[in-house]
Amino acid sequence: MDGEITYNAAYRGSKRFNQWNVEHANATGFSAAADDYMERGIDLNEQLIRNKPATFMMKVSGEAMVDAGIFNGDIVIVDRSVKAVNGKIVIAVLNGEMLIRRLEKTFNKVRLVPETRKLSPIDIDLSAADFSIWGVVTYCIHAV
């Protein structure tokens, strides 16, 4: 994971706009019947981001989560306000390196489990390692 972050804190959404706010030319003189019922387009920021100040988009680098549907070059949406619980896909920082893995917590053990057979799970020694959970992955965006 290369740590590339894309965000814009000044974005306010598009709820205040509807089709009547957009200037357009009507060459036929008649509008389509469906235009009367159209409110506004779909805003992906409003659909995918719950907590704007705590949410970031990151580009994935690596093949660690291919069996979970997260591929090299995908963009993941990471929410830092979501609690990292057992089974969630997280962005973890281990000894200064950012990793995307599934979190596995038991009573006395923390593991970062990849979703590929090519890599093995990482057992975290909390007393010796510099370890923190940076955020929880909420969505993955990739081309089809």
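Residues numbered from 1 in each chain as written. Predicted model: local features only at pLDDT ≥ 70, side-chain atom pairs only at ≥ 80, totals over all residues. Heavy atoms only, no water.

## So, the overall build of the protein
Consideration 1: Counting its regular elements, the protein contains one helix and eight strands.
Consideration 2: Listing each helix as α and each strand as β along the protein from the N terminus yields β-α-β-β-β-β-β-β-β.
Consideration 3: Each of the 144 residues in the protein was classed as buried or not, and the buried ones make up 28%.
Consideration 4: Put simply, of all contacts in the protein between residues at least 6 apart along the chain, 58% involve residues at least 24 apart. (Helix = DSSP H or I, 4+ residues; strand = E, 2+ residues; numbered from the N terminus. Buried < 20%, exposed > 50% of the residue type's maximum accessible area, 1.4 Å probe, protein only. Contact = heavy atoms within 4.5 Å.)

## Things to note about the packing of aromatic side chains
Consideration 1: By the definition in use, this model includes one aromatic pair.
Consideration 2: Residues F56 and W134 carry aromatic rings whose centres are separated by 5.4 Å and whose planes lie at 50° to one another, so their mutual orientation is tilted. Here the residue F56 occupies a position in strand β2 (residues 55–59), and W134 occupies one in strand β8 (residues 131–141), the gap between them amounting to 78 residues. For the pair shown, F56 and W134 are each scored as buried. (Phe/Tyr/Trp six-rings, centres within 6.5 Å; stacked < 30°, edge-to-face > 60°.)

## Focus on the nonpolar core
Consideration 1: I70, V76, V78, I91, I100, W134 and V137 are the most contacted members of the largest nonpolar core, which has 14 residues in total.
Consideration 2: Elements with a contribution of two residues or more to this core: β2, β3 (75–79), β4 (89–94) and β8.
Consideration 3: By residue number, the principal contributor to this core is β4, which donates three residues.
Consideration 4: The next biggest cluster of nonpolar side chains, apart from the first, holds 11 residues, and it includes A92, L103, I124 and F131. (Core = buried A, V, L, I, M, F, W, Y, C linked by side-chain atoms within 4.5 Å.)

## Focus: the pairing of β4
Consideration 1: Most of β4 is tucked away, with six of its six residues classed as buried.
Consideration 2: Of the two faces of β4, the one lined by I89, I91 and V93 and the one lined by V90, A92 and L94 are each fully buried.
Consideration 3: Across six bridges, the pairing between β4 and strand β5 (residues 97–105) is antiparallel. Bridge pairing in β5 links I91 to I100.
Consideration 4: Connecting β4 to the antiparallel partner β5 that follows it, the hairpin turn spans two residues, and N95 within it adopts a positive phi of roughly 50°.
Consideration 5: Bridge count between β4 and β8: five bridges; the pairing is antiparallel. In the strand pairing of β8, L94 is matched with F131. (Pairing = 2+ DSSP bridges.)

## What to know about the environment of G73
Consideration 1: Considering the arrangement of structural elements, one finds G73 in the loop between β2 and β3.
Consideration 2: Separated by 10 residues in the primary sequence, G73 and E63 place their C-alpha atoms 9.5 Å from one another.

## Remarks on unusual backbone geometry
Consideration 1: Of note, N95 is a non-glycine position whose phi angle comes to about 50°, a positive value.
Consideration 2: With respect to the helices and strands, N95 occurs in the loop between β4 and β5.

## Structural notes on the pattern of salt bridges
Consideration 1: Throughout the structure, instances matching the rule amount to three salt bridges.
Consideration 2: Note that R102 is salt-bridged to E115, the shortest N-O span being 2.7 Å. Of this pair, R102 sits in strand β5 while E115 sits in the loop between β6 (110–113) and β7 (122–124); the two residues are 13 residues apart in sequence, bridging distant segments of the chain.
Consideration 3: In this structure R102 comes out as partly exposed when scored by relative accessible area, which is 26%.
Consideration 4: One salt bridge connects R111 with E104, and the closest N-O pair in it is separated by 3.1 Å.
Consideration 5: Accessibility expressed as a relative area gives 21% for R111, which makes it partly exposed. (Salt bridge = Lys/Arg side-chain N within 4 Å of Asp/Glu carboxyl O.)

Function-wise, these values are silent; they only describe arrangement.
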